[in-house]
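# A structural walkthrough
Listed here are the chains, written in short residue letters.
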Amino acid sequence: MMKTRFAPSPTGFLHVGGARTALFNWLYARRLGGKFILRIEDTDQVRSTAESAAGILQDMLWLGLNWDEGPQVGGGKNEYFQSMRLTTYEELIQKLLKDGRAYECYETPEQLAAMRAIFDKAKRPFRYRRAMPGRALRTEGPTVIRFDMPYEDITIHDAILGPVTVRADEHDDIIIRKSDGFPTYHFAVVADDHAMGVTHVLRAQEHLMNTPKHLALYRALGWEPPTYAHTPLVFNMDSTKMSKRDKTRAARAGLQAYAKRTADENYSKLAVAAKVSPEQIQAFMAKKVDDTALAATLAGTIGLDLPEIDVQDFRRSGYMADALLNFIALIGWAPGENREVLSRQEMLNLFSVETIGKTNGRFDRKKLTWMNGEYIRKASMDELLAALKSFIEVTDYPLKAASDAVLRELLAMYKDRMATFAEMARNCGFFFQDPVYDEKAKSKFVNTDEGQAFLRQIYPILDAVTDWRKEALTPAMEQILSLGEKKGAAAQAMRVAVSGGAVSPPLLETIALLGRDKTLSRLKAFISSH
RNA sequence: GCCCUCAUCGUCUAGAGGCCUAGGACACGGGCUUUUCACGCCUGUAACUGGGGUUCGAAUCCCCAUGAGGGCACCA
């Protein structure tokens, strides 16, 4: 049985890069009729959290990347959390110890750092080996167990990169059991991939140099290693690594500009608006803390968009899961025949490891946005509504209170003119609350002699309409559009009065949904106030 | 510093020796459509990192240089 797995460590949110790895594994397993396993690698007791694990599961489900084995599916209840499998690792480690393939070490972290420093200074690579001189003697203190790497060249037969050989003198004896008794990543992956029957490992290229270690471990344990395939990496457009730090960096830059703009140097006004203490903000700005949640709230209060990095960031920004997946798949993979917009099923039909490329890619948000628009336009109304509601669940816009019926009306109106749900959410606020009037639009279209004349003509036309359904409103709207020299000359004045700005969906649909009272009162307010 | 990987338009990519005058998509420019904004349609600009080989012939194969990225933890 062919099996792939995605094995994130629960030390944060699910990153887009991780999502791509998960997708590739998911596609690969589904394509070949195998099984897809989800395993939580929580061997780092300090950094792993249960909340993070829960968040990752939730994001995987939002993306629609379901697993055949893993938390909540198949097997015992905690079988897919490494922290629950300690006895398994211990037995294996004891076996290696007995076979003489592993040994205890007594250096403290400080001693190791000092040894490394000496080599660094001499510009020589430091490799810990069993036979090296100067190893610490047995002590009472905590010990660590290392694997005795064989002194031989090791060749990885990578399904994407081809053969890659690492010379014998490049290896070092990796730690397989930490002093807290937990296995290290290197040991736990090998033990689990074997135990769970994983046959194909698709992981990011940053793991390439780990592979010889894993291969040696398989051999020492007498096991058949899986097929490895290392995927190219994904970077920001400026070729920096995509990381949560991008968010704090962007927030700091935006906040600095805000402080200058609004003369709020010590962030006292912002602190009040964001409901946090000024000290917190100052500590954040001074880079004393790297709190991404704080960065998000602060950015939110000054209307600053932070770069999306984690899967949930994209959800909050109003991207559809399928569009994100489709876009992400195309970095490093091309289905051929110039195909780009692919449904999940089409991706499944076309996917293969052979068609994954070797070159690192960059994350072009503009193309993602375009792709999301494509998905929005081709989605059915039911699909769109479901996706929109999943967006509404995690955000807080005025349309949060809208009924399904109203949401459907809005979607019909905005479908062709939005690239993300957030875009619609920002633009449709005037349906739910008084518009924030755009002063420039007002002075250009409303507070002019012509604009006033139009509004005075428009009001009675609409006031005469009692049946406010779209069909009944159509003749009145036609009449309004025919006002003035050229067709539609009066539209902008009405648009500004009704929506607050120079841009909105077509007026007929807009006022039909807005309702008679609000439409008329907004028009009237502009006539009488001038 | 050492080891490893990669290298086609600004970006994602197609290209597995002649089909390449290098194709597609995003972005950008121009036009059409239009009650605003979009959508849609038409159209334009734009690339084989450099140098050596191999070959009748190289974006495609080899070598070197350069550039980019990854790794060198009691993190994964």
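Let us now look at the overall build of chain A. A count of helices and strands for chain A gives 23 helices and eleven strands. Scaling as 2.2 N^0.38, a compact globule of 530 residues should have a C-alpha radius of gyration of about 24 Å, whereas chain A reaches 30 Å, well beyond that. Based on the C-alpha atoms only, the size of chain A along its principal axes is roughly 95 × 55 × 40 Å. Expressed as a percentage of its 530 residues, the buried residues of chain A come to 50%. Counted over contacts in chain A with a minimum sequence separation of 6, partners at least 24 positions apart contribute 73%. With an accessible surface of roughly 25,700 Å², chain A has 53% of that area assigned to carbon and sulfur atoms. Positive and negative side-chain charges in chain A, numbering 71 and 67 respectively, have mean positions lying 2 Å apart.

Now for the protein's contact with RNA strand B. If you check the shell around RNA strand B, you find 65 residues, and the closest are Lys178, Gly332, Thr359, Arg417 and Ser504. For RNA strand B, the backbone makes up 75% of the atoms found within 4 Å of the protein, where backbone means sugar plus phosphate. Within the side chain of Arg116, an N or O atom sits 3.0 Å from a phosphate oxygen of RNA strand B. Tallied by class, residues from the surface near RNA strand B come to 23 nonpolar, 18 polar and 24 charged.

All right, on to unusual backbone geometry then. Residues other than glycine seldom take positive phi values, yet Lys123 does so here, at roughly 55°. Structurally, the position occupied by Lys123 is in the loop between α4 (109-121) and β4 (144-147). For Lys275, which is not glycine, the phi dihedral falls at a positive 60°. Within the element layout of this structure, Lys275 appears in the loop between α8 (268-274) and α9 (278-285).

Moving on to the nonpolar core. With 108 residues, the main nonpolar core has Met60, Leu63, Phe363, Phe421, Ile458, Leu462 and Met494 as its most contacted residues. The leading source of residues in this core is helix α1 (residues 16-31), at nine residues. Each of domain 1 (85-231) and domain 3 (439-528) accounts for three or more of the residues forming this core. Met149, Phe187, Ala216 and Trp223 belong to the second largest nonpolar core, which has 32 residues in total.

Here helix α15 (residues 381-393) crosses helix α16 (residues 404-414) at 110°, and the two axes come no closer than 10 Å. One finds that α15 runs roughly perpendicular with respect to α16. Within the contact between the two elements, α15 uses Met381, Asp382, Leu384, Leu385, Leu388, Lys389 and Ile392 and α16 uses Asp404, Leu407, Arg408, Leu411 and Ala412. Residue classes in the contact of α15 with α16 are distributed as eight nonpolar, no polar and four charged.

Before going further, it helps to spend a moment on the domain arrangement of chain A. Domain parsing of chain A yields domain 1 (85-231), domain 2 (245-301) and domain 3 (439-528). Centre-to-centre separation of domain 2 and domain 3, based on C-alpha positions: 41 Å.

On to the pattern of salt bridges. For the structure on display, the rule yields 32 salt bridges. For Asp290, the salt bridge identified is with Arg252, shortest N-O distance 2.8 Å. In this pair, Asp290 sits in the loop between α9 and α10 (292-301) while Arg252 sits in helix α7 (residues 245-262), placing the two residues 38 residues apart along the sequence. Asp290 sits in the partly exposed class, given a relative accessible area of 41%. The residue Lys389 makes a salt bridge to Asp404 at a minimum N-O spacing of 3.0 Å. Placement of Lys389 in helix α15 and of Asp404 in helix α16 is noted, with a sequence separation of 15 residues between them. Via salt bridges that share partners, Arg5, Arg39, Glu41, Arg85, Asp192 and Asp193 belong to a single interconnected network.

Here we come to the sheet that holds β4. In space, the three strands of this open sheet follow the order β3-β4-β7, with antiparallel pairing throughout. The open sheet has two edge strands, β3 (102-105) and β7 (175-177), and neither has a second partner. Between one strand axis and the next, the sheet turns by 45° as a mean value, whatever way the strands run. Across four bridges, β3 lies against β4 in antiparallel orientation. Across the sheet, residue Glu104 finds its bridge partner in β4, namely Ile145.

Relative to the elements of secondary structure, Lys3 occurs in strand β1 (residues 3-6). Owing to a relative accessible area of 14%, Lys3 belongs among the buried residues under this scheme. Along the backbone, Lys3 and Val198 are 195 residues apart, and their C-alpha atoms lie at a distance of 4.8 Å. Among all residues touching Lys3, those that are not within four sequence positions of it are Lys35, Ile37, Glu69, Met196, Gly197, Val198, Thr199 and His200. A polar atom in the side chain of Lys3 sits 3.1 Å from the side chain of Glu69.

Moving on to the pairing of strand β5 (residues 154-158). A regular strand places its side chains on the two faces of the sheet in alternate fashion. Burial along β5 is one-sided: Ile154, Ile156 and Asp158 are buried, and none of Thr155 and His157, which face the opposite way, are. Note: β5 against strand β6 (residues 162-166), five bridges, orientation antiparallel. Bridged to Asp158 within β6 is Gly162. Hairpin geometry of β5 and β6 is characterised by an intervening segment of three residues between the two adjacent antiparallel strands.

Conventions used here
Positions within a chain are numbered from 1, following the residues in the order the chain's sequence is written. Written order determines the labels here, with chains lettered from A and ligands numbered from 1. Predicted model: local features are reported for residues with pLDDT of at least 70 only, side-chain atom pairs are reported and counted for 80 or more only, and whole-chain, interface and lining totals are derived from all residues. Derived side-chain values reflect all non-hydrogen atoms in the structure, with water molecules and hydrogen atoms excluded from consideration. Strands here mean DSSP runs of E at least two residues long; helices mean DSSP runs of H or I at least four residues long; both are numbered from the N terminus. Values of the radius of gyration come from C-alpha atoms, whereas the globule rule sets the reference at 2.2 Å times the count of residues to the power 0.38. Buried means the residue's accessible area, taken with a 1.4 Å probe over protein chains only, is under 20% of the maximum for its type, while exposed means over 50%, and partly exposed covers the values in between. Only heavy atoms enter the contact rule, under which two residues are in contact if any of them lie within 4.5 Å. For the area figures, the Shrake-Rupley method with a 1.4 Å probe applies, and any residue is considered shielded solely by the protein chains shown. Think of it this way: Lys and Arg go in the positive column, Asp and Glu in the negative one, and His and the chain ends go nowhere. Note that the charge is assigned to NZ on lysines, CZ on arginines, CG on aspartates and CD on glutamates. Think of it this way: one heavy atom of a residue within 4 Å of a molecule or strand is enough to make that residue near it. N or O atoms within 3.5 Å of each other form a polar contact, as long as, within protein, one can give a hydrogen and the other can take it, and as long as residues adjacent in sequence are counted only when both atoms are side-chain atoms. In this classification, Asp, Glu, Lys and Arg are treated as charged, Ala, Val, Leu, Ile, Met, Phe, Trp, Tyr, Cys and Pro as nonpolar, and every other residue, Gly included, as polar. For our purposes a nonpolar core is just a set of buried Ala, Val, Leu, Ile, Met, Phe, Trp, Tyr and Cys residues, chained together by side-chain atoms within 4.5 Å. Those domain boundaries reflect an automatic or database domain assignment. Think of each axis as a best-fit line through the C-alpha atoms, taken over the contacting stretch in the case of a helix, with angles from 0 to 180 degrees between the N-to-C directions. Put simply, angles under 35 degrees are roughly parallel, angles over 145 are roughly antiparallel, angles from 65 to 115 are roughly perpendicular, and the rest are oblique. Here a salt bridge means any side-chain nitrogen of Lys or Arg lying within 4 Å of a carboxyl oxygen belonging to Asp or Glu. Two strands qualify as a pair provided DSSP detects at least 2 bridges between them.

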